[in-house]
Structure formats: C-alpha cells, structure tokens
Amino acid sequence: MTSSTSPSAISFADLGLPKPLLTSLSELGYENPSPIQAASIPILLEGKDLLGQAQTGTGKTAAFALPMLTSLDPKKSHPQLLVLAPTRELAIQVAEAFQRYSRNMGFSVLPIYGGQSYDNQLRQLKRGTQIVVGTPGRVMDHIRRGTLKLDQLQALVLDEADEMLRMGFIDDVEWILKHTPQERQIALFSATMPKEIQKVANTYLSNPEHVKIENKTTTASTIRQRFSLVNNNQKLSAFARVLEVEETEGVIVFVRTKLATVDVADKLSARGYRCQALNGDVPQNQREKVVEKMKRGQLDILVATDVAARGLDIDRISHVINFDIPLDTESYIHRIGRTGRAGRTGEAILFVTPRERRLLNAIERATKSPMEPMDIPSASDINKKRALNFKQRIADAVDKVDLERYRQLVTECIQEGDHDPETIAAALVYISQETKPLFETEKDFKPSEREFDRGDRSRRDRDRGRGKSNARDSRDSAHGNRNKKSRDRKGSHRSEDMQAYRIEVGRNDGVKPGNIVGAIANEADIDSKHIGHIKISDNYSTVDLPKGMPKAAFKKLQKAYVCGKPMDLSESE
C-alpha cells in the first residue's frame, strides 16, 4: 500500500506525463500534483489496476484522467474509456475535466446520464467517442439497447464507489463490469472502503495497487469551521445576518429536503438575494443552467440537498452553510468539501438547534476537528458594517463622480434653509435609506445557551406532564371514559383561529402528546405554544393547529414520522 500525508514536492513533468497534457496543465494553472495524483499517476501509467482511497476535493479526477488519457487513441472512434459516477452532477464535472485536460489531444468526451434526452447521446455515440462518462442507470440502458458497445474498452474508472453503494447502485456497477472485456485496466476510487466495495475490488480488479491518502483530519485545513446555536425558526434571520457581515462570494446552503430547498430559496429571494433551489425535481437542463449561472456570478446562493450538490465544482464558493445539520458525518465532510478546494480558503458554518448537540459532537469526533463557536451577528455588528459600506460608497462617489451640480444644490439648501452642512448631509443620508433602513434596532434575537437549556427542560417537563395526562386518559377510557376532558391539552373548546387535523398514529403505536408536539414543532417550525388540543385514540390522533397553515408546512407534516410511523396529516371532519 502506498500512503501519503503531505502535498507532493514533485512536478507533473516528473511523473512522466506527455507534453500535450503538460501543456494543458500549464494553461489551466496547475503547478504541482496533489498527494493522490502523485501516488496514483505513475501506477496507472504502468497499466496496473488501482484501488484509491481519498476524501472528496483532493484531486481524484486528475489522478485517473491524466494517466488514462495517455493510453487512448484519438484516431479510433469506439469507446476506449468508461468512467462511472454516482450522480449526474459528478458525471458532468468529470467529463468537463477530461475535456480540459485533453484540449491539445483531440479526444471526444461524452457524458451520458438520466434526465437528458437520448437523442443527443445517440447521435454522439453513433458519431463516435473515445471517452464515456456516465451514471450507472443510463450506461446500462445504452448497453441493453446496443448503442454503447464496450467490447473494445481499454480502461474503466469507478469514481466515488462508496457513494454508488450508498445510493443503491452497486448491483448495477457489477452488471456493467460483467459486460466489459476480461482484459482491461480498472481504477476504483472511494473515500471509505466498506466491505461491499472491498468485495467488488477483490472480484474485478487484478492485483491492484492500493493508494490511501492519510489525513490528520477528514476535513481540509483550508476550511474554517464554525457553528452557531439557533432555534429552527431563527435560522433564516441568522443566515441573513451572516450574509450582511461576512465577505461572501458564492454560497451553497444545505438543507435536508427538496421542499426545504424551495422554501428557503423563495424566502432569500424575497429578501433581495440572487438565489435558486437545486434539488432532484429540477429538470436536468434547468439544473445545468443554474450551475452555469453560479459559475458566472449571475447567482450568489444555491440552496441544495446533499444528492443535488454532489459533484459540484464551482471555484467561487466561499461559504458552505449547513442550514440543517446532516445526520451523518460523511455527508458533512462532502458538504463542506464544496469550498476550500485546491488550496483556496473556505468558510463552513453549521446551524445547530439545542436538540442537535449530539450530532455536533459526533461530527467533531469523526473529523477530529473541534468547531469554533460563532455568535450570530448582532444589530450593532450589522449597523457597523452598513455604515462602513455607506462611507465607502461616499468615498467612491467623491473619487469618481462629477459632483459640481450636487454641490450647488447643497449650497442652495444651506442658504435657503439656514442649516449647517452636517445637518444637510445627515438629511440626505436619511432620504437615501427610506426604502431600506440603514440601521437596525437591536432585537432579542439569540437566546443564551442557558436559555436554550432552560427552554429544553421546560419543554421536557411539559411533555412529561402530557405523558402523565395521557396515561390518565388511558385509565379513564378503561373505566368507561369518565373524564374525557382530561385528554385536552388546552381545554375542550377549539378557538375560531384553529383547525383540527387527523394524524394516522395512535395509542396502539405508543404515541404520546409530547411526541406529536415535538414532531410538529421540528418539521413545520410551529412553536409549541401554537399547538392546541391533542386527542389520542387507539389508531389515530387529532391535533388543533392554526388555520391557514402554509402549504409547504402542511406537506412537510404529511411526510413527517411519529413513533416510526408517517403522520399522513389530513384535515379532520
């Protein structure tokens, strides 16, 4: 096994790459190979199979693309190299990388993936291509159709194999491997090496060299990691304050669900930010346009799910915001790997609710990288930043604009109104910020950790109380339901501004009022004080919620789970 812990001091020329590739690398601004590149390129140049283990963002694409290109013949039009990638985004990214590296070599590179028209793919396959980069499902479709022939394939790359395993593609990958020639070179790259991936390697790779890049931490040292304790309903305001104070360029915001991408993106757009959602429901041609806009600086913020952002490689990403904390450490590592790449610095900010401290601790243990606590910017911080920006605008205007006509107008105001220049200037500042106030007033925005703890305890106390009430309800029911009113959380009368909803989870499922309150509060960001009367029956429950619930919140609750069962929320008769 070859392993590495520090950047390579050698050059790409030292690795034995041909001149056309060295020219392309020079034109692209590449200087020295990364550890995974320095270790992998010589092995693949020798034609050996390779098992490469390295985290995302370490330069794996160049590690296999550069040596593989040296063995291909641009004069032959049949597929000679196949790269399998878990997502469309990664397939596109890898294909673009091959095109950049081979710009002086005359190769044709074809990405094939689901969500894209077959017509264009069929035309290019018929015309001939040497390099195919695709997702397992679409590659299988073309093999079955007979439009992708692999009988003359020379090499195969499995990129991010552990992710293909996680997404359920490993059987498809093995099916494709069985349709390749017996004699071909294989490179398998994976951030982790679970037993299923090791089994694939043992079965299909021939005496592979194992390259493992050891990192002191599993996150890049160029990424500054911070976290802030916030409640769910504070996240949007917290993020807006961060945007005001931090120097950002491109920002990716990670949320857990497709619905949340649209909801958060809409709210940010309403605040004036250039923002779009990126999720699995966005058509592929639209997704490509969104990513291209982000690259060109026509968008500043992408709100995405983990799968939708997989493989994104956008140079201008300065910040990754974990709006919703990921449920596993691998997802966190992949998320923040979108910034701080190729030696650039990056910022990763994680919003943590009081109930999610355990997840925060797990991430810190796994990454061996304690995060820096971060206070959400106060109104005072924002006001200082706005004042600084405003003064800079004034300085720029003084330097760049002919102000003579305006000076004359100010002079007239001073003479006619008998005001001093400072008062006139202050009035002009006031007028300029009528549409958006220059200064904010301080609000009781961010509770202290002590208040969080106290809030958690009081909520738990309430939940225990509800649990006891529910136990009493069960006894009452067993004794002829003598005290039906004891089931009421806030009395038996529903106020006019509340609506009854039915939940398909009941006493037989072990549900308690506290479970229902917690699920609704977490999923729909509805404060527990706005959750009314709860009645638990054997097979279902009812709960009173505010009328006029937003559709987005309603859909979230329909899909939410309580006690391991879906709520399947519906309006009660």
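See above for the structure.
Given the structure is predicted, the values throughout are model-derived calculations rather than measurements.

Caption draft 1: Just the pairing of strand 7 (residues 185-190), in detail. With respect to burial, strand 7 is a largely interior element, six of its six residues being buried. Because side chains alternate across strand 7, one face comprises the buried residues Gln185, Ala187 and Phe189, and the other comprises Ile186, Leu188 and Ser190, equally buried. Pairing of strand 2 (residues 50-53) with strand 7, which is carried by four bridges, proceeds in the parallel orientation. Counterpart to glycine 52 in the pairing with strand 7 is phenylalanine 189. Note that strand 6 (residues 155-158) and strand 7 share four bridges and pair parallel. Residue alanine 155 lies in a different strand from strand 7, and its bridge partner there is glutamine 185.

Caption draft 2: Seen up close, the packing of aromatic side chains. Under the defined criterion, the tally for this structure stands at four aromatic pairs. With centroids separated by 6.2 Å and ring planes inclined at 40 degrees, the aromatic side chains of phenylalanine 64 and phenylalanine 98 adopt a geometry described as tilted. One end of the pair, phenylalanine 64, is in helix 3 (residues 60-70); the other, phenylalanine 98, is in helix 4 (residues 88-101), and 34 residues separate them in sequence. Here phenylalanine 64 and phenylalanine 98 have matching classes, each one buried. With 6.1 Å between their ring centres and 50 degrees between their planes, tyrosine 501 and phenylalanine 554 make a pair best called tilted.

Caption draft 3: Inspection of the sheet that holds strand 10 (residues 250-254) at higher detail. With parallel pairing, the seven strands of this open sheet are ordered in space as 11-12-10-13-14-9-15. In this open sheet, the two strands that pair with only one neighbour each are strand 11 (275-278) and strand 15 (372-373). Packing against the sheet, helix 11 (residues 258-270) makes contact with strand 11 and strand 12 (301-304), and its axis sits at approximately 175 degrees to strand 11. Sheet strands touched by helix 12 (residues 284-296): strand 10, strand 11, strand 12 and strand 13 (317-322). Its angle to strand 11, the strand with the most contacts, is close to 140 degrees.

Caption draft 4: Examining helix 4 more closely. The end-to-end C-alpha distance of helix 4 is 20 Å, a good match for the 20 Å that 14 residues give at a rise of 1.5 Å each. Most of helix 4 sits out of view: 10 of its 14 residues are buried. Inspection of helix 4 places Glu89, Leu90, Ala91, Ile92, Gln93, Val94, Ala95, Ala97, Phe98 and Tyr101 among the buried residues, and these make up the whole buried set. Where helix 4 starts, the residue carrying a side-chain oxygen 3.1 Å from the main-chain nitrogen of leucine 90 turns out to be threonine 87.

Caption draft 5: Quick peek at the sheet that holds strand 17 (residues 534-536). With respect to topology, four strands assemble into an open sheet ordered 17-18-16-21, the strand pairing being antiparallel. Strands with a single pairing partner mark the edges of an open sheet, and in this sheet they are strand 17 and strand 21 (570-571). Across six bridges, strand 16 (residues 498-503) lies against strand 18 (residues 541-546) in antiparallel orientation. What sits directly across from glutamine 499, in strand 18, is leucine 545. Helix 20 (residues 513-524) rests against strand 16, strand 17 and strand 18 of the sheet, and its axis sits at about 130 degrees to strand 17.

The rules behind each value
- Residues numbered from 1 in each chain as written.
- Predicted model: local features only at pLDDT ≥ 70, side-chain atom pairs only at ≥ 80, totals over all residues.
- Heavy atoms only, no water.
- Buried < 20%, exposed > 50% of the residue type's maximum accessible area, 1.4 Å probe, protein only.
- Helix = DSSP H or I, 4+ residues; strand = E, 2+ residues; numbered from the N terminus.
- Pairing = 2+ DSSP bridges.
- Phe/Tyr/Trp six-rings, centres within 6.5 Å; stacked < 30°, edge-to-face > 60°.
- Contact = heavy atoms within 4.5 Å.
- Axes fitted to C-alpha atoms, helices over the stretch in contact; angles between N-to-C directions.
- Expected span 1.5 Å × (residues − 1).
- Polar contact = N/O pair within 3.5 Å; in protein donor to acceptor, adjacent residues only side chain to side chain.

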